[in-house]
Amino acid sequence: MKYTLYLSILFLASCASNMPNFTIPEVKATQSDITIDDFKSHITYLSSDGLRGRGSGTPGDRAAKDYIVNHFTNVESSTKRMVEVQEHYVSKSRLTPKNKVKTYNIIATLPGNDEQLKDEYVVIGAHYDSVKNTLGLIHNGADDNASGTAMVLELFEHFASINTHKRTLVFIAFGGEELGLLGSKHYVNNPTIDLSKVQLMVNLDMVGRMDEEGNVQLGGSPSAQNFSSKLHPFFVNSKINIIDLGKGIFSRSDHYNFYKKDIPVLFFFTGILTVIIHFV
Ligand SMILES: [Zn+2]
């Protein structure tokens, strides 16, 4: 997502690094439980200076892809899974549309356990790229969107571990989001599953800045009939404070390409309003 100049400045200020050595952290084993340490481990790796912001077509992009593939493939569980890497080509800059580079969608599928429902799908996605580096500074992209990627990795591990899901779960890390939602656009035009059987797409983009009240903002509820009222009991029983933003569909992240294919979407994020409030 691209935001205001204020946010760009904030991002530059918070993420810039002058460290001379761009070391990449070790890849650590994670636990099947969802833990703070596991989140930290994923985010530390993905947003390390060594990956230099994971811009599409860069060595950092490929390193992030390898990290995600490794996690999806090697999470300890006997649950069967299918891991696929979908290559696609994106313009490195909107100013030079003919200059294409290769990036990736990384897809991990966990088959459902219910005979009737296993042919239906729930997609859980997040983009793993960040904005391109400018002015010699690295945009580490810890919040946008190593945070959402870490959540996808941990949710995959959790569901692979307990293996109680009825519908087939499809976890996707999208490349090329910052260049115009290009990974999700490529996916919905080249799906690995029958999109007409997708019951829900959940998108996680910028989920690393939850405030002290535990507020989490939710977009997408107008994407299905009576969605808000059906979701409300889950909100009430949640330990976090989910704020249903209602009105309209936020169009600047990957769920939007699924929405355009008539798929109900939910979009979780934290912090945008919090950050803007500090500036107004
Ligand atoms: Zn984003």
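Criteria and cut-off values
Residues numbered from 1 in each chain as written. Predicted model: local features only at pLDDT ≥ 70, side-chain atom pairs only at ≥ 80, totals over all residues. Heavy atoms only, no water. Helix = DSSP H or I, 4+ residues; strand = E, 2+ residues; numbered from the N terminus. Buried < 20%, exposed > 50% of the residue type's maximum accessible area, 1.4 Å probe, protein only. Contact = heavy atoms within 4.5 Å. Areas by Shrake-Rupley, 256 points an atom, 1.4 Å probe, with all protein chains shown as cover. Salt bridge = Lys/Arg side-chain N within 4 Å of Asp/Glu carboxyl O. 1 Å grid on protein atoms, 1.4 Å probe; cavity = no way out; pocket = protein on both sides within 12 Å on 5 of 7 lines; lining within 4 Å. Points joined across faces, edges and corners; volume = space filled by probe spheres on them. Pairing = 2+ DSSP bridges. Axes fitted to C-alpha atoms, helices over the stretch in contact; angles between N-to-C directions. Core = buried A, V, L, I, M, F, W, Y, C linked by side-chain atoms within 4.5 Å. pLDDT = per-residue confidence, 0-100. Parallel < 35°, antiparallel > 145°, perpendicular 65-115°, else oblique. Left-handed = near helix turned anticlockwise from the far one by under 90°. Nonpolar A, V, L, I, M, F, W, Y, C, P; charged D, E, K, R; others polar. Phe/Tyr/Trp six-rings, centres within 6.5 Å; stacked < 30°, edge-to-face > 60°. Lys NZ or Arg CZ within 6 Å of the ring centre and 35° of its normal.

**Q** Give a description of the overall build of the protein that names residues and reports values.
**A** Looking only at helices and strands, the protein features 8 helices and 8 strands. Burial analysis of the protein (280 residues in total) assigns 49% to the buried set. Counted over contacts in the protein with a minimum sequence separation of 6, partners at least 24 positions apart contribute 78%. Accessible surface, the protein as shown: approximately 14100 Å² in total, 55% of it carbon and sulfur.

**Q** Tell me about the pattern of salt bridges, residues and numbers included.
**A** By the definition in use, this model includes 5 salt bridges. Of the charged contacts, one joins Lys65 and Asp66 as a salt bridge, the two residues approaching to 3.0 Å between their closest N and O atoms. Judged by its relative accessible area of 15%, Lys65 falls in the buried class. Residues Lys118 and Glu115 are paired through a salt bridge, measuring 3.3 Å at the closest nitrogen-oxygen approach. With relative accessibility at 31%, the residue Lys118 sits in the partly exposed group. Taking relative accessible area as the criterion, Glu115 reaches 59% and is therefore assigned exposed.

**Q** Summarise the layout of surface pockets; cite the residues concerned and give the values.
**A** Taken as a whole, the largest pocket encloses approximately 1500 Å³ of empty space. When residues of the lining of the largest pocket are traced back to their parent elements, those giving at least two are helix H2 (36–46), strand E3 (121–127), helix H4 (142–162), strand E5 (198–204), helix H6 (227–237) and strand E8 (265–269).

**Q** Residues and numbers for the sheet that holds E8, please.
**A** Taken together, 8 strands build an open sheet; the order of strands is E1-E2-E4-E3-E5-E8-E6-E7 and the sheet is mixed. On the outer flanks of this sheet lie strand E1 (82–91) and strand E7 (241–244), each paired with one strand and no other. Each strand axis lies, on average, 25° off the axis of its neighbour in the sheet, ignoring direction. Alignment of E5 against E8, held across 4 bridges, turns out to be parallel. The residue bridging Met201 from the neighbouring strand is Val265, located in E8. Sitting on the sheet, helix H3 (residues 59–74) touches E1, strand E2 (100–110) and strand E4 (168–174), and the angle it makes with E2 is about 10°.

**Q** Hey, could you go over the nonpolar core for me, with residue numbers and the actual values?
**A** Most often, soluble globular proteins have nonpolar side chains that are buried together. Phe72, Phe171 and Phe268 are the most contacted members of the largest nonpolar core, which has 37 residues in total. Among residues more than four places away in sequence, those in contact with Phe171 are Phe72, Ile106, Ile107, Ala108, Leu110, Ile124, Val152, Leu155, Phe156 and Phe159. Counting 15 residues, the second largest nonpolar core, distinct from the first, contains Tyr121, Val123, Ile263 and Val265.

**Q** So what about the confidence of the model for the protein? Which residues, and what values?
**A** Overall, the prediction assigns the protein a mean pLDDT of 88, with 89% of residues at 70 or greater. Across residues 2–20, confidence stays below pLDDT 50; counting only partners more than four residues off in sequence or on other chains, it has 28 contacts. Ignoring residues within four places in sequence, the model shows residues 274–280, a span with pLDDT below 50, making 6 contacts including any to other chains.

**Q** So what's going on with the packing of H3 against H4? Which residues, and what values?
**A** Between two packed helices, both the angle of their axes relative to each other and the distance between the axes serve to describe the pair. Between H3 and H4, whose axes approach to 10 Å, the crossing angle comes to 15°. By the angle between their directions, the pair H3 and H4 is classed as roughly parallel. With respect to the hand of their crossing, H3 and H4 are arranged in right-handed fashion. Contacts between H3 and H4 involve Tyr67, Ile68, His71 and Phe72 from the former and Thr149, Val152, Leu153, Glu154, Phe156 and Glu157 from the latter. For the contact of H3 with H4, the class distribution of residues is 6 nonpolar, 2 polar and 2 charged.

**Q** I'd love a proper account of the packing of aromatic side chains, names of residues and values included.
**A** Summed over the entire model, instances satisfying the criterion amount to 9 aromatic pairs. Summarising the aromatic geometry, the rings of Phe250 and Phe269 are spaced 6.3 Å apart at their centres and angled 15° between planes, so their arrangement reads as stacked. Here the residue Phe250 occupies a position in the loop between E7 and helix H7 (255–259), and Phe269 occupies one in strand E8, the gap between them amounting to 19 residues. Given the relative accessible area of 31%, Phe250 is considered partly exposed. The exposure class of Phe269 is buried, given its relative accessible area of 6%. Through a chain of ring-to-ring contacts, three or more aromatic side chains come together here, namely Phe72, Phe156 and Phe171. Lys65 extends its terminal NZ or CZ atom over the ring of Tyr104, reaching a point 4.7 Å from the ring centre.

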